[in-house]
Amino acid sequence: MDIALLNLDGFLFILRWLHLFFGVTWIGHLYYFNFVQGAFFAETDASTKSNAIQKLVPRALWWFRWGAMFTMLTGVLYLAIRGHRDGAAIFATSWGVAILTGAILGLLMWANVWFVIWPNQQIVIASATQAAKGGAAIPEAAAAGARAGVASRTNTLFSIPMLFFMGAASHLPIMINPEVSLPRLAIVLGVIILALEINALKGKTGPMTTIRGVITCGFVLTGVLYGVMELLTK
């Protein structure tokens, strides 16, 4: 008897399913931090905020960072298997160009979680815990919180085109001229995305400071990346 899941296509389906499950967990917490928790912290009293930083934030960050980790692992494994099965040429197709654009954004988001947001939030949590116990707050905590905030806003920015291109890979075919130089497309997209990532590491939130601002910037970035893709693949 043929069982649909007990073959390579079935395994790839399981990977996609898990990728979606972990992705919802990750991005759901990302939006919670940016759309809900941040606004609440700005309005609540210092005692409530301190309590939440010590007890609520660490729990939410656990699901947040491990959701990111397993989203990345299942996605990379899926792409590696598809590339091995179908050949590297699959990534020069409409599917490949869109999925790799989304994947690059996702990988940067994962790196921001593990190497920027989480380390800086650990300082913020440790500072709040020390202060609550009668000790001195950690002097670097404010700067660490601000840097984590910029990286988190950048991840929210990236998440909008990331989801667009992940969906577009299978549901929005783009006419790709095989004679067009795809490295040129990669360079232009790379410069735009890298500039925004550098800002996440060194800059400020700017127009992404407000919820409306980051959502608007996310849709604008999606339009720019898609426009560049349409323009440079014809």
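See the structure shown above.
Sequence order as written defines residue numbering, which begins from 1 separately in each chain. Given that this is a predicted model, residues contribute local features only at a pLDDT of at least 70 and side-chain atom pairs are listed and counted only at 80 or more, while totals for whole chains, interfaces and linings are drawn from all residues. Processing note: side-chain calculations cover all non-hydrogen atoms of the structure and skip hydrogens and water entirely.

## A look at the packing of aromatic side chains
Move 1: Side-chain rings of Phe, Tyr and Trp, where Trp is taken by its six-membered ring, are said to pair if the distance between their centres is within 6.5 Å; with planes under 30 degrees apart they count as stacked, over 60 as edge-to-face, and otherwise as tilted. In the structure shown here, the tally under the stated rule is 13 aromatic pairs.
Move 2: Consider the rings of Tyr-31 and Phe-35, whose centres lie 5.0 Å apart with planes at 20 degrees: the pair is stacked. Linking Tyr-31 with Phe-35, this pair stays in helix H1 (residues 8-43), spanning four residues, or about one helical turn.
Move 3: Any residue under 20% of the maximum accessible area for its type is buried, any over 50% is exposed, and the rest in between are partly exposed; the area is computed with a 1.4 Å probe on protein chains only. Residue Tyr-31 is classed as partly exposed on the basis of its relative accessible area, which comes to 23%.
Move 4: These aromatic residues form a ring-pair network of at least three members: Phe-21, Phe-22, Trp-66, Phe-70 and Trp-114.
Move 5: Placement of a positive charge over a ring is assigned whenever Lys NZ or Arg CZ falls within 6 Å of the ring centre and within 35 degrees of the normal to the ring plane. Across from the ring centre of Trp-118, 3.8 Å away, lies the NZ or CZ of Arg-65, which sits over that ring.
Move 6: When the ring centre of Trp-95 is taken as origin, the NZ or CZ atom of Arg-82, which lies over that ring, is 4.3 Å away. In DSSP terms, a helix is any run of H or I states spanning at least four residues, a strand is any run of E spanning at least two, and both are numbered starting from the N terminus.

## Here's the deal with the environment of Tyr-78
Move 1: One can find Tyr-78 in helix H3 (residues 57-86).
Move 2: Residues Tyr-78 and Phe-13 lie 65 residues apart in sequence; the distance between their C-alpha atoms is 9.0 Å.
Move 3: The contact criterion used is simple: two residues touch if any of their non-hydrogen atoms lie within 4.5 Å. Not counting chain neighbours up to four residues away, the residues in contact with Tyr-78 comprise Leu-12, Leu-15, Arg-16 and Trp-95.
Move 4: Of the polar contacts made by the side chain of Tyr-78, one reaches the side chain of Arg-82; its length is 2.9 Å. Distance and chemistry together define a polar contact, namely a pair of N or O atoms within 3.5 Å, with one atom able to donate a hydrogen and the other to accept it when in protein, and with adjacent residues in sequence counting only for side-chain atoms on both sides.

## Observations concerning the nonpolar core
Move 1: Within this scheme, the nonpolar core is defined by two criteria: the residues are buried Ala, Val, Leu, Ile, Met, Phe, Trp, Tyr or Cys, and they are joined through side-chain atoms within 4.5 Å. Core analysis: the biggest nonpolar cluster contains 54 residues, and Trp-26 and Phe-64 have the highest contact counts within it.
Move 2: Of all the secondary-structure elements, those providing two or more residues to this core are H1, helix H2 (46-55), H3, helix H4 (94-132), helix H5 (141-171), helix H6 (182-202) and helix H7 (211-232).
Move 3: Among the elements that line this core, the one with the most residues is H4, at 16 residues.
Move 4: Excluding anything up to four places from it in sequence, Trp-26 contacts Phe-64, Gly-67, Ala-68, Thr-71, Gly-106, Met-109, Trp-110 and Val-113.

## Some remarks on H7
Move 1: Under the convention used throughout, the expected extent of a helix is 1.5 Å for every residue step, that is, one less than its residue count. An ideal rise of 1.5 Å per residue puts 32 Å on 22 residues; H7 measures up with 32 Å between its terminal C-alpha atoms.
Move 2: Within H7 the residues assigned to the buried category are Gly-213, Val-214, Gly-218, Leu-221, Thr-222, Leu-225, Val-228, Met-229 and Leu-232.
Move 3: On the buried face of H7, the contacting elements are H1, H4, H5 and H6.

## Looking at the pattern of salt bridges
Move 1: What makes a salt bridge here is a side-chain nitrogen of Lys or Arg within 4 Å of a carboxyl oxygen of Asp or Glu, nothing more. All told, the structure shown has four salt bridges when counted by the stated rule.
Move 2: Of the charged contacts, one joins Arg-82 and Asp-86 as a salt bridge, the two residues approaching to 2.8 Å between their closest N and O atoms. On the criterion of helical spacing, the pair formed by Arg-82 and Asp-86 is a turn pair, its members being four residues apart in helix H3.
Move 3: Taking the relative accessible area as the measure of exposure, Arg-82 reaches 14% and is therefore buried.
Move 4: One connected set of salt bridges, linked through shared partners, spans Asp-9, Arg-82, Arg-85 and Asp-86.

## A short note on the packing of H4 against H6
The relative placement of two packed helices comes down to the angle between their axes together with the axis-to-axis distance.
Move 1: Fitted lines through C-alpha atoms serve as axes, helices being fitted only where they are in contact, and the angles separating the N-to-C directions of these axes extend from 0 to 180 degrees. The interhelical angle for the contact between H4 and H6, taken along N-to-C directions, is 20 degrees, at an axis separation of 12 Å. The angle between H4 and H6 places the two elements in the roughly parallel class. Where H4 crosses over H6, the two elements pack in a sense that is right-handed. Residues Val-97, Thr-101, Leu-105, Leu-108, Asn-112 and Val-116 of H4 form the contact with H6, whose participating residues are Leu-182, Leu-185, Leu-189, Ile-193, Glu-197 and Leu-201.
Move 2: For the contact of H4 with H6, the class distribution of residues is nine nonpolar, two polar and one charged. Throughout, the term roughly parallel applies to angles under 35 degrees, roughly antiparallel to angles over 145, roughly perpendicular to angles from 65 to 115, and oblique to all others. Each crossing is labelled by how the near helix is turned from the far one, with a counterclockwise turn of less than a right angle marking it left-handed and a clockwise turn marking it right-handed. Put simply, Ala, Val, Leu, Ile, Met, Phe, Trp, Tyr, Cys and Pro go in the nonpolar bin, Asp, Glu, Lys and Arg in the charged bin, and everything else, Gly too, in the polar bin.

## Observations concerning the side chain of Arg-153
Move 1: Inspection of the secondary structure assignment puts Arg-153 in helix H5.
Move 2: Despite its burial, Arg-153 remains without a salt bridge, the nearest opposite charge being carried by Glu-43 at 12 Å.
Move 3: Aside from chain neighbours lying at most four places away, what touches Arg-153 is Asn-34, Thr-205, Met-208, Thr-209, Thr-210, Ile-211 and Val-214. The sign given to each residue is positive for Lys and Arg and negative for Asp and Glu; His and the chain ends receive no count.

## A word on the environment of Gly-145
Move 1: With respect to the secondary-structure elements, Gly-145 resides in helix H5.
Move 2: Classification of Gly-145 by relative accessible area gives partly exposed; the value is 27%.
Move 3: In this structure, the C-alpha to C-alpha distance between Gly-145 and Gln-122, residues 23 residues apart in sequence, is 9.3 Å.

## A few points about H4
Move 1: If you check H4, its first and last C-alpha atoms are 54 Å apart, about what 39 residues at 1.5 Å a residue would give, namely 57 Å.
Move 2: Note that the bend at a residue is defined as the angle between axes fitted to the seven residues ending at it and the seven residues starting at it. Taken as a whole, H4 carries its principal kink of about 40 degrees at Val-113.
Move 3: Directly beyond the C-terminal end of H4, a positive phi value near 95 degrees is found at Gly-134.

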